[in-house]
Amino acid sequence: MNIFGISINHNTAPIELREALHLNNEEIDQFIPSIRRDLLGEGVVISTCNRTEIFGFPRDLRTRAEDIRDYLLKFKPIENVENHHFEYFFSCSAIKHLFNVAGGIDSLIVGDSQILGQVKDAFEYSENLNFASSVLRRIFDTASKVGKRAIKETRIGEGAISVSYAAVQVVEKILAYLDKKTALVIGAGETGELAAIHLRDKGVTNIVISNRTLSKAEALAKKIDGEIIPFETFHHHLHEFDIIISATSSENFLITTEHVKEMQKRRKGMPTVMMDIAIPRDIDPAVRKFDNVFYHDMDSLQIIVEQNLKARKDEIPKVDKIIIEEMANLFSWYNALGVVPTIKAFRDFFEEIRQDELGKIRNKVSDEDYMKLEDMSRRLMGRILHNPTIKLRELANGKSDEQVLKNHVVVLKELFSLKSEDE
Amino acid sequence: MLQTIHTLNVILPFLYLVAFSVYLYDFMKEKRVLTNSKRIFLFITLIIHVLYLVFRTIEFNHPPITSKFEIYSVLAFALVFSYFILELLTDIRWTGYYIIIFSLIFQAISSIYIVDNYEVKEILRSRLLGIHVISAILGYAGLTISAVHGLLFLKLYKDIKLNKFGLLFKRLPSLEILEKLSFYSAVIGFVLLTIAIKIGVIWLPSAFPDYSYLDPKLLATATIWLVYGTGIIFKIYAKWYGKKFIIFSLTGFSLALISLLITKIFESSFHTFY
């Protein structure tokens, strides 16, 4: 399979270069027609914040992976990029790399499932621009299958890998029936917002936001269908909440031991989870001394994140196994796309129809008429099948455009539901 | 039938050993394939254990409560049966091996020392005694399960406080659930113990002329009953949360264990049947 792949990703290049080479949809709209005209018969461009990858079948057998890189750099010139910032793949290695990406084991955060959607979208984008056909579809369908199997059959995507999600994971180990719990999120910045969204996703319905800038609190409250309380008075409401997450940029403690002492007194000792995901910290860590007060800060939550990342990395061999299985299936299918078995299957298909129809009239006509019909139908079938057969043989005898031949074979097989003997 | 009883007597500890191993292995490794199969295996073990107890009752013409080793077997069954019901109701499958270990120990001791007992004291054939003993055993099974969940609660509580996010953190349900499991098991245990005491108080004076309210076993049981009763009342009316009730429950369980030792010392008690 003469498929090429090039990749600039988090393993090979710093973020500045990755950002500089990122192609948005408008750029891809321009890039694809151009590269199709000059270099690749078909292909797919995957471009995310962490990687830009191009996979494709070259028009000319003399094309090298480096030509694709040069073409990309000509399209989007950037400075300081060097050869080692790219990875180059051909045939098996290109497929393996694509499957690694789709399976989430080549991601910056191992097990990131977002990339699977991005790979699928990239293929559909190419297909809509008529830059991808049957064989490439099969390859990307298999990549998608790898990603799904990795999620379903392994734990590559399990466990919190962000501090805000880890905070919610700890909440779940302390409290149950989250739909009946109340939560206060102090700070409506990016971290606070993520924490609020995670809480809502876990079923906490009563979420209250408090933020120095009221408009930000209102915006977040609207987003998660929550409520707000003024930042100046949130101390007076602490006892109303089972979960308190603080993520502000305050230089001093917003919640002191005195606040928590008073809070627990009013809560009559009911458990309270306090997550301090701010730097510098918002909550005095001494509050952890109180019974039924579960205080955690960035350091402790980072332990969970690191454990989960390690657990995900331990799952890589299982995903590798899935990749090898799917590669074997893909190449078995690809190798079965031989033209001779397909021509035979194609002709057998029509011959079967001819025999079937002749059988239906065998007892309704005389022997003489039957012979004429038999002869006529053979000639008719011969004429119908002549051009497709010749065309396929011509393609098969040609020295280039193997991909075009494969695509014809796939189309033919799909149209007539053909199966070669070796399938 | 006797041959079947002997065979089952040998098989049962091994079944509990396998169940314990599977639950332990699943706890350590979390194998999805074991999620349902371990529950099915435990169910089969319970069925076999029921058959064993029924066959003994038929063959020896008395309920299997006439020796401490028969009672150990009933206790082993009661513990796993109670856990199994809890697992079905809550779908929490990770605390099993902490319970099954007790059944394994009790059944193993029972299987080694149990004897075929055709001739027993007439009093041991009493139906009221049967209900008294069975409800007491089930009650203690409930209290044991409460204690196990209480211990798990304390361990997880401490781990979370100390930022230890290990295997227990991953596998155990939330503290709130553990607290509820401990509380409900204690309530069920307490109710059954109340029934056992009630029957005992009604039946014992008529069955034993030397009946005494100062019998060590009676006093110990009454103390345990009082501790649990107080804990449950405070939990419900004084809204105790977290560690407070758990510590009460564990205190009650410790008392139960101590009372076993004390009554062992005072074996001359009228409350000794074998």
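Residues numbered from 1 in each chain as written. Chains lettered and ligands numbered in written order. Predicted model: local features only at pLDDT ≥ 70, side-chain atom pairs only at ≥ 80, totals over all residues. Heavy atoms only, no water.

### Comments concerning the overall build of chain A
Thinking step 1. Scanning chain A for helices and strands turns up 15 helices and ten strands.
Thinking step 2. In terms of C-alpha radius of gyration, chain A reaches 31 Å, well past the compact-globule figure of 22 Å for 423 residues.
Thinking step 3. Dimensions along the principal axes, computed over C-alpha positions, put chain A at roughly 110 × 60 × 40 Å.
Thinking step 4. Across the 423 residues in chain A, those meeting the buried criterion constitute 49%.
Thinking step 5. Relative to all contacts within chain A whose residues are 6 or more apart in sequence, the contacts with residues 24 or more apart total 72%.
Thinking step 6. Only carbon and sulfur atoms are counted for the fraction: they give 51% of the accessible area of chain A, which is about 21000 Å².
Thinking step 7. Positive and negative side-chain charges in chain A, numbering 57 and 66 respectively, have mean positions lying 4 Å apart. (Helix = DSSP H or I, 4+ residues; strand = E, 2+ residues; numbered from the N terminus. Rg over C-alpha atoms; globule rule 2.2 N^0.38 Å. Buried < 20%, exposed > 50% of the residue type's maximum accessible area, 1.4 Å probe, protein only. Contact = heavy atoms within 4.5 Å. Areas by Shrake-Rupley, 256 points an atom, 1.4 Å probe, with all protein chains shown as cover. Lys, Arg positive; Asp, Glu negative; His and termini not counted. Charge placed at Lys NZ, Arg CZ, Asp CG, Glu CD.)

### With respect to the packing of aromatic side chains
Any two aromatic rings considered together are summarised by their centre-to-centre distance and by the angle between their planes.
Thinking step 1. If you walk through the whole model with that rule in mind, you get 30 aromatic pairs over all chains.
Thinking step 2. Note on Phe-346 of chain A and Phe-416 of chain A: the rings are 5.4 Å apart at their centroids and 55° apart in plane angle, and the pair reads as tilted. Residue Phe-346 of chain A is found in helix α13 (residues 339-361), and its partner Phe-416 of chain A is found in helix α15 (residues 402-416); the two are separated by 70 residues along the sequence.
Thinking step 3. Ring centres of Phe-153 of chain B and Tyr-157 of chain B lie 5.9 Å apart, and the angle between their planes is 25°; on these two criteria the pair is classed as stacked. Taken as a pair, Phe-153 of chain B and Tyr-157 of chain B lie in helix α5 (residues 127-161) at a separation of four residues, close to a single helical turn.
Thinking step 4. A network of ring pairs unites the aromatic residues Phe-346, Phe-349, Phe-350 and Phe-416 of chain A as a single cluster.
Thinking step 5. If you follow Arg-362 of chain A out to its NZ or CZ, it ends over the ring of Tyr-370 of chain A, 4.3 Å from the centre.
Thinking step 6. Between Lys-161 of chain B and the ring centre of Phe-294 of chain A, over which it is positioned, the NZ or CZ distance is 5.7 Å. (Phe/Tyr/Trp six-rings, centres within 6.5 Å; stacked < 30°, edge-to-face > 60°. Lys NZ or Arg CZ within 6 Å of the ring centre and 35° of its normal.)

### A few points about the interface of chain B and chain A
Thinking step 1. Contacts between chain B and chain A engage 24 residues on the former and 29 residues on the latter.
Thinking step 2. Buried surface at the junction of chain B and chain A, summed over both partners, amounts to about 2100 Å²; 50% is from carbon and sulfur atoms.
Thinking step 3. Ranking the residues of chain B by area buried against chain A places Lys-161, Phe-165 and Tyr-241 of chain B at the top, with a combined share of 28%.
Thinking step 4. Inspection of the region where chain B meets chain A yields 16 residue pairs in polar contact (both at pLDDT 80 or more).
Thinking step 5. Elements supplying a minimum of two residues to the side of chain B that touches chain A: α5, α6 (167-171) and α7 (175-207) of chain B.
Thinking step 6. Its residues assigned to classes, the side of chain B that touches chain A comprises ten nonpolar, three polar and eleven charged. (Buried area = accessible area lost by both parts, 1.4 Å probe. Polar contact = N/O pair within 3.5 Å; in protein donor to acceptor, adjacent residues only side chain to side chain. Nonpolar A, V, L, I, M, F, W, Y, C, P; charged D, E, K, R; others polar.)

### What about the domain arrangement of chain A?
Thinking step 1. When cut into domains, chain A gives domain 1 (4-157 + 315-331), domain 2 (163-301) and domain 3 (337-416).
Thinking step 2. Using C-alpha coordinates to define each centre, domain 1 of chain A is positioned 41 Å away from domain 2 of chain A. (Domains from an automatic or database assignment.)

### Observations concerning the sheet that holds strand β5 (residues 182-186) of chain A
Residues and elements named next belong to chain A.
Thinking step 1. The six strands lie next to each other as β7-β6-β5-β8-β9-β10, forming an open sheet whose pairing is parallel. Looking at the sheet topology across the chains shown, the edges are occupied by β7 (227-228) and β10 (293-297).
Thinking step 2. Across two bridges, the pairing between strand β6 (residues 206-210) and β7 is parallel. Considered in β7, the bridge of Val-208 is made with Glu-227. (Pairing = 2+ DSSP bridges.)

### Some remarks on the nonpolar core
Nonpolar side chains tend toward joint burial in soluble globular proteins.
Thinking step 1. Counting 107 residues, the largest nonpolar core has Val-170, Leu-199, Ile-209 and Ile-243 of chain A as the members making the most contacts within it.
Thinking step 2. Dropping the residues within four chain positions of it, Ile-209 of chain A is found in contact with Val-185, Ala-188, Ala-196, Ala-217, Leu-220, Ala-221, Ile-224, Glu-227, Ile-228 and Ile-229 of chain A. (Core = buried A, V, L, I, M, F, W, Y, C linked by side-chain atoms within 4.5 Å.)

### Thoughts on helix α2 (residues 25-38) of chain A
Residue and element names in this part refer to chain A.
Thinking step 1. Taking 1.5 Å of rise per residue, the 14 residues of α2 would be expected to cover 20 Å, and the 20 Å separating its terminal C-alpha atoms lies within 8% of that figure.
Thinking step 2. Restricting attention to buried positions, one finds in α2 the residues Ile-28, Phe-31, Ile-32, Ser-34 and Ile-35.
Thinking step 3. Those residues of α2 hidden inside the fold are in contact with β2 (40-47), β3 (51-58), α3 (65-75) and α5 (114-128).
Thinking step 4. Capping the start of α2, Asn-24 holds a side-chain oxygen 3.1 Å from the backbone nitrogen of Glu-26, two or three residues further along. (Expected span 1.5 Å × (residues − 1).)

### Focus on the domain arrangement of chain B
All names here are of chain B.
Thinking step 1. Domains assigned within chain B are domain 1 (1-120) and domain 2 (123-274).
Thinking step 2. Its C-alpha centre places domain 1 at a distance of 21 Å from the equivalent point of domain 2.
Thinking step 3. If you look at the interface, domain 1 gives 30 residues, while domain 2 gives 26 residues.
Thinking step 4. Contact between domain 1 and domain 2 buries roughly 2400 Å² in total, counting both sides, with carbon and sulfur atoms accounting for 76%.
Thinking step 5. Counting the contacts that link domain 1 with domain 2 gives zero salt bridges.
Thinking step 6. In this structure, the connection of domain 1 to domain 2 is made through three residue pairs in polar contact (both at pLDDT 80 or more).
Thinking step 7. Of all the secondary-structure elements, those providing two or more residues to the side of domain 1 that touches domain 2 are α1 (2-29), α3 (68-90) and α4 (96-113). (Salt bridge = Lys/Arg side-chain N within 4 Å of Asp/Glu carboxyl O.)

### A closer look at unusual backbone geometry
Residue and element names in this part refer to chain A.
Thinking step 1. For the bond running from Ile-279 to Pro-280, omega is -5°, close enough to zero to count as cis.
Thinking step 2. Note that Pro-280 resides in the loop between β9 (272-276) and β10.
Thinking step 3. Despite not being glycine, Asn-80 has its phi angle at roughly 65°, a positive value.
Thinking step 4. Residue position: Asn-80 is located in the loop between α3 and β4 (87-90).
Thinking step 5. Positive phi, close to 55°, is recorded for Lys-268, a residue that is not glycine.
Thinking step 6. In this fold, Lys-268 is placed in the loop between α10 (257-266) and β9.
Thinking step 7. For Lys-268, a relative accessible area of 68% corresponds to the exposed category.

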